[in-house]
Structures are given as structure tokens and as C-alpha cells.
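Residue-level structural notes
Here is how the chains run, residue by residue.
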Amino acid sequence: MSRVLDDVLVLDFTQALAGPYCTMLLAYNGARVIKIERPGDGDMLRSAAPFTKEGISVFWASANANKESCALDLKNPQDIALIKKIIQKADILVENFRPGVMEKLGLGYEEVKKINPAIVYTSISGFGTTGPMAHAPGFDLVGQGYSGMMSINGDLDKDTGRIGFPVGDVSAGMWGYMATMTAYCGCLRSGKGAYVDVSMLDGLFAMMPAEVVAYTKLNEIEHCSGNIDPAAAPFGALRTKDGAVIVAVLGEKLWLSFCQALDKMNWHDDPRFKTGPDRIKNRTDLQAVVQPLFRQKTTAEWQKILTDAGIPNGIVNNIKQACELPQIKARNMLINAGDYTVPGNPMKINGSHDLDTLNTPEALGASTEKIRKEFK
């Protein structure tokens, strides 16, 4: 069965997480990805803990299934000549070096488009290729801080909070994939290639549209919201007898249903909680009466009460529980990649085959000789 990017050739100069995540999404959807790595040590993520008993980085393996590893020396003229032959046939090139590195290697966009004018060339970096911070090193945590995202995440009693997974790297990879595919669609229509410049900082900043408009229009600066959604109340995680349940009460109809389900119509009549803005303004008072009640029952008991009342709710899973969630299984969101089980393709496209398995992440240089022969 076909996939939407079958016959698309991607030349991958990425390392760490942002770039490899982008090219993994391309591979998920059928593209052939040739990953160029340094001889000897390869992608820097290969040395990142934790490791399997065989000494392979789990972090690296998580973003490099279904790719062909080709170990080439980017300072060796013969290897550069081979790369230029691959460029002639490539549809897409993705790199995430610091701005200027590919130019020094003679593989910047201006040089590459002379070889292949129709290529889509994507650069992913911490801060983009323009602006005063263009050449600053961009790590996930740095991006979270600069973007303003850390200031609205975490515990209400603390000033800052790192999001607990590398959201900057992963989202930069996602933005890279979206921008690459957008440019590729344009290329198919016009026959002309394109240069794509993706910044981790841009991507994180763009993920907070409501917070930005709250400031630019209302001069309001959002603060750490912890486990609540500041758009409504009660809207967040509430402690139960044996864990926590997420309650989402948005709008007056759900507020009435919530009070009826809990047999607390006195809350509904309380002037402090009369309207949505009232409940947000008096969130602390509302929390003070709601939280003690929720500690009296188990999470399962509260989920039944809330579900029966038509109130959106959920639970706080750990990663084991999330992996075992029937919905994850039903959506084919865990698939085998050799010795690894990795997240499946989140993009379900009608008529495109959703892979049940992926090729295992390759050992460094495993495909080098095959590629040398193919592109000689």
C-alpha cells in the first residue's frame, strides 16, 4: 500500500532532536531519508543517556527509525562530491546546524539550488537565520525561557516552571515538518524550490496566541497557572482520595450541571461564583470549597459522577498508563521499530498506509556502502 510521500527523497543533515524529529515525521509518511552522520561518533544524540544494555541511546533511537545511516566526512572532497550527487536527486534537504555552518561546508542553500533548483531546503535552528540572536546556541530549555512559556507553566507558588519534556525541540521538529511540506506543495505547483527557515523560539512563541493577545490588547501578563486552565473555573486537576481527576467546567451550562451533580446548588447561587468571570476572579475561594469535597471519593467514583452529568473529565496518567490506554492502542500509536517500541504516526491520512512497523534505527554508517554504490 502507498503512503503520501512515497518516492520522495530526503537528505538529512540533522542531529540532536529537533531536526531528527522533523525527518522522522517525513519517514513516517513514506519518504526515503538518508541521514548523513559524522564517521566515528555520528549524531550527538547517540551519546545521550539513558542507554540500553547494548549501549544504544534510547533518546537517539526514539527519533531515528526508518532512516538510512550514511557516515560521511563533510571535510572530505570525495564525500562532498557524493553528497552533491545525492542532492541532484533529492526532493528535500533538512539541516539543523548553527546558521552559517552549511555555508562554510559549501552546502548552503545558494550552492545547493545551483545543483538542484527544485529542492526544498529546510534549516531548523534555535533562533532562526536572521535577527540579533541568529548565531546564539539554541537549546530546548533556553527556548522555553526566552519564549515566555516557562513563566506561564509550573506551580502557582513558584515563579517559573520547565515543561517536563523537550517541547522546544519536538515542536521545532513539528514546525519544520509543516513548513517543509507547505513549501513542497508550492514546489509541486510551481516547479521552483524554496528555502525554509524554522526557529525554535518562533515556534514556541507562536504556540501561545491567547497569551500574546492578552498582553498586546489588554496589557495583561499571564503568570504560572500550574495544573489549572486560566480560561475558566473549576478547570484543572483536583486531588481525589487515591489520585487526581481533571475537571473541565467551561460555560454556564456545565457549571449548572457540575453543581447539580455534586448536590451543591448553594455554589450556583453564591454571588462569588455567579458567572464565568466571577469564578475566575474568585478561583481561590472556589477551590477552597471544591477541593475538600473531591478528596472524599476515588478518582473512578468522580469520573463516573462527572461523566454521567456530561462534564468533560480525565485522569493524570503516568507514561506507563498512557502507553496502556486503549485509545492509544486503537489509534495505532505504539509501533515496533526493531528492538524498540516507539510512538506511531499521529497523522492519519485516508488512503495512505499507516505503518505497523518501522525499520530499526540503524547502526552508524550501516547504509554507507549501499549509498556509495547507488550514487557513484
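These remarks concern the structure in this document.

Basis of the calculations
- Per-chain numbering applies: the sequence of each chain, read as written, is numbered from 1 onward.
- Only residues with pLDDT of at least 70 are given local features in this predicted model, and only at 80 or more are side-chain atom pairs given and counted; all residues enter the totals for whole chains, interfaces and linings.
- Water and hydrogen atoms were dropped before computing side-chain values, which therefore reflect all heavy atoms in the structure.
- Strands qualify as paired when DSSP identifies two bridges or more between them.
- In this description a helix means any DSSP run of H or I spanning at least four residues, a strand means any run of E spanning at least two, and both kinds are numbered starting from the N terminus.
- To define axes, lines are fitted to C-alpha atoms, for helices over the stretch in contact only, and angles between the resulting N-to-C directions are given on a 0 to 180 degree scale.
- Contacts: residue pairs with any heavy atoms within 4.5 Å of one another.
- Salt-bridge detection follows one rule: a side-chain nitrogen of Lys or Arg within 4 Å of a carboxyl oxygen of Asp or Glu.
- Remark: exposure states derive from per-residue accessible area (1.4 Å probe, protein chains only) relative to the maximum for the residue type, with buried under 20%, exposed over 50%, and partly exposed in between.
- Throughout, nonpolar core names a set of buried Ala, Val, Leu, Ile, Met, Phe, Trp, Tyr and Cys residues whose side chains join them through atoms within 4.5 Å.
- Centres within 6.5 Å are what make two rings of Phe, Tyr or Trp a pair, Trp counting through its six-membered ring; a difference in plane orientation under 30 degrees is then read as stacked, over 60 as edge-to-face, and the rest as tilted.

**Quick look at the sheet that holds strand β6 (residues 194–199)**
In spatial order, the strands read β3-β2-β1-β4-β5-β6; together these 6 strands make up an open sheet with parallel pairing. What marks the edges here is a single partner per strand, and that holds for β3 (67–71) and β6. Each neighbouring strand pair of the sheet contributes to a mean axis angle of 20°, computed without reference to strand direction. Relative to β6, strand β5 (residues 120–125) is paired through 6 bridges, and the arrangement is parallel. What sits directly across from Y121, in β6, is Y195. Against the sheet, helix α3 (residues 77–89) touches β1 (9–13), β2 (32–37) and β4 (92–95), its axis set at about 140° to β1.

**A few points about the sheet that holds strand β7 (residues 235–239)**
Working definition: the strands of a sheet are paired by backbone hydrogen bonds and lie parallel or antiparallel to each other. What the 3 strands build is an open sheet, ordered β7-β8-β9; its pairing is antiparallel. The open sheet terminates on both sides in strands that have one partner only, identified here as β7 and β9 (313–315). Strand after strand, the sheet turns through a mean of 25° between neighbouring axes, direction not considered. In this sheet, strand β8 (residues 244–248) lies alongside β7 in antiparallel orientation, the contact comprising 5 bridges.

**Some words on the pattern of salt bridges**
Once the charged atoms of two side chains with opposite charge are near each other, the side chains can pair. All told, the structure shown has 18 salt bridges when counted by the stated rule. R32 is the partner of E374 in a salt bridge, and the nearest nitrogen-oxygen pair spans 2.7 Å. Residue E374 is located in helix α17 (residues 368–374), and its partner R32 is located in strand β2; the two are separated by 342 residues in the primary sequence. The exposure class of R32 is partly exposed, given its relative accessible area of 26%.

**Concerning the nonpolar core**
The biggest cluster of nonpolar side chains holds 46 residues, and the ones touching the most others in it are V10, L26, I92 and L358. What L26 contacts, discounting residues up to four positions off in sequence, is L5, V10, A31, I92, V94, Y177 and M181. Of all hydrophobic cores here, the second largest spans 24 residues; its members include I34, C70, I86 and I371.

**Structural notes on the pairing of β5**
In terms of residue burial, β5 counts as a mostly covered element, since 6 of its 6 residues are buried. On β5, burial covers both faces: V120, T122 and I124 on one face and Y121, S123 and S125 on the other are all buried. Bridge count for β4 against β5 is 4 bridges, and the pairing is parallel. Bridge assignment links E95 to a residue of β5, and that residue is S123.

**Description of the packing of aromatic side chains**
Summed over the entire model, instances satisfying the criterion amount to 9 aromatic pairs. In this structure an aromatic cluster arises from ring pairing among W255, F258, W267, F273, F294 and W302.

**Thoughts on the environment of A309**
By the element assignment, A309 lies in the loop between α14 (299–308) and β9. Look at A309 and you get partly exposed, because its relative accessible area is 26%. In the structure, A309 is positioned 51 residues away from F258 in sequence and 7.3 Å away in space, judged by C-alpha atoms. For A309, the residues in contact, after removing those within four places along its chain, are S257 and A261.

**So, unusual backbone geometry**
That bond from A49 to P50 is cis: its omega, 5°, falls within 30 degrees of zero. With omega at -10°, the peptide bond leading from A233 into P234 counts as cis. Considering the arrangement of structural elements, one finds P234 in the loop between α9 (209–218) and β7. The phi dihedral of N332 is positive, around 55°, even though this residue is not glycine.

Geometric descriptors of this kind do not, in isolation, establish any biological role.
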